[in-house]
Amino acid sequence: KAGVTQTPRYLIKTRGQQVTLSCSPISGHRSVSWYQQTPGQGLQFLFEYFSETQRNKGNFPGRFSGRQFSNSRSEMNVSTLELGDSALYLCASSLEGQTTGELFFGEGSRLTVL
Amino acid sequence: AQSVTQLDSQVPVFEEAPVELRCNYSSSVSVYLFWYVQYPNQGLQLLLKYLSGSTLVESINGFEAEFNKSQTSFHLRKPSVHISDTAEYFCAVRETSGSRLTFGEGTQLTVNP
């Protein structure tokens, strides 16, 4: 059974640009969450989608957005990139969005903003 | 809101020595507790979780953690570590009625020969 797949794994952008990251959850998983990992702030929750609806949102500016498609694949977008957006962006999926369900993480997309 | 404090940012130990990674949490509601491990250039892997029942939970690779409600702690222990245990370990909590994880700052465990 394939795990959570995130693309691209690495990317470099410049300030002011925008970026789109993709996440394919484990087959059958309908809940997808996104986390940002930085050395200074650690792991912070961005948002969660379940059945194409944003169910929960973290404390990030509106430049960070996401969506989920009918096949449960999810994308997140960051517009007007800032240097501080450099981070590892992790996607996680779980079965049916249950609170007791284990979150399965992808290997992440490492974004560098120059 | 919840918060998680991992009391040690770095823990160096020698191979075959015991180790304890400390985690305290704060929450006004009931929570589930987790330990995740992250190897270099990889995502997070669930090591073990406490949902209910026995306060001592074990993983398949020899780690165990004990939920202590009165001390609001969930320390991770292993009686004898291996070089391959070198990684960053994250303690996390989640409301029993919620879906987001709140992570601690992480503890870098380095096992030296």
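One can find the structure itself at the top, above this paragraph.
Before going into details, it helps to say that this report is about the structure given with it.

Conventions we followed
- Residues numbered from 1 in each chain as written.
- Chains lettered and ligands numbered in written order.
- Predicted model: local features only at pLDDT ≥ 70, side-chain atom pairs only at ≥ 80, totals over all residues.
- Heavy atoms only, no water.
- Contact = heavy atoms within 4.5 Å.
- Buried area = accessible area lost by both parts, 1.4 Å probe.
- Salt bridge = Lys/Arg side-chain N within 4 Å of Asp/Glu carboxyl O.
- Polar contact = N/O pair within 3.5 Å; in protein donor to acceptor, adjacent residues only side chain to side chain.
- Helix = DSSP H or I, 4+ residues; strand = E, 2+ residues; numbered from the N terminus.
- Nonpolar A, V, L, I, M, F, W, Y, C, P; charged D, E, K, R; others polar.
- Disulfide = S-S within 2.5 Å.
- Buried < 20%, exposed > 50% of the residue type's maximum accessible area, 1.4 Å probe, protein only.

**As for the interface of chain B and chain A**
Part 1 of the argument: Facing the 20 residues of chain B at the interface are 22 residues of chain A.
Part 2 of the argument: Regarding the contact of chain B and chain A, the summed buried area is about 1700 Å², with carbon and sulfur atoms giving 50% of it.
Part 3 of the argument: Run the count over chain B and chain A and you get zero salt bridges.
Part 4 of the argument: At the boundary of chain B and chain A, one finds five residue pairs in polar contact (both at pLDDT 80 or more).
Part 5 of the argument: For the side of chain B that touches chain A, the secondary-structure elements that each account for two or more residues are strand E5 (31-38), strand E6 (44-50) and strand E10 (87-95) of chain B.
Part 6 of the argument: Residue classes in the side of chain B that touches chain A are distributed as eight nonpolar, eight polar and four charged.

**Considering the state of the cysteines**
Part 1 of the argument: What the rule picks out here adds up to two disulfides over all chains.
Part 2 of the argument: Note that cysteine 23 of chain A is cross-linked by a disulfide to cysteine 91 of chain A, the S-S spacing being 1.8 Å. Of note, the bridge from cysteine 23 of chain A to cysteine 91 of chain A carries an S-S torsion of about -60° and is left-handed in sense. A residue pair is termed long-range when its members are at least 10 positions apart, and cysteine 23 of chain A in strand E3 (residues 19-24) and cysteine 91 of chain A in strand E9 (residues 87-94) qualify at 68 residues.
Part 3 of the argument: Look at cysteine 23 of chain A and you get buried, because its relative accessible area is 0%.
Part 4 of the argument: Classification of cysteine 91 of chain A as buried rests on a relative accessible area of 0%.
Part 5 of the argument: Note that cysteine 23 of chain B is cross-linked by a disulfide to cysteine 91 of chain B, the S-S spacing being 2.0 Å.

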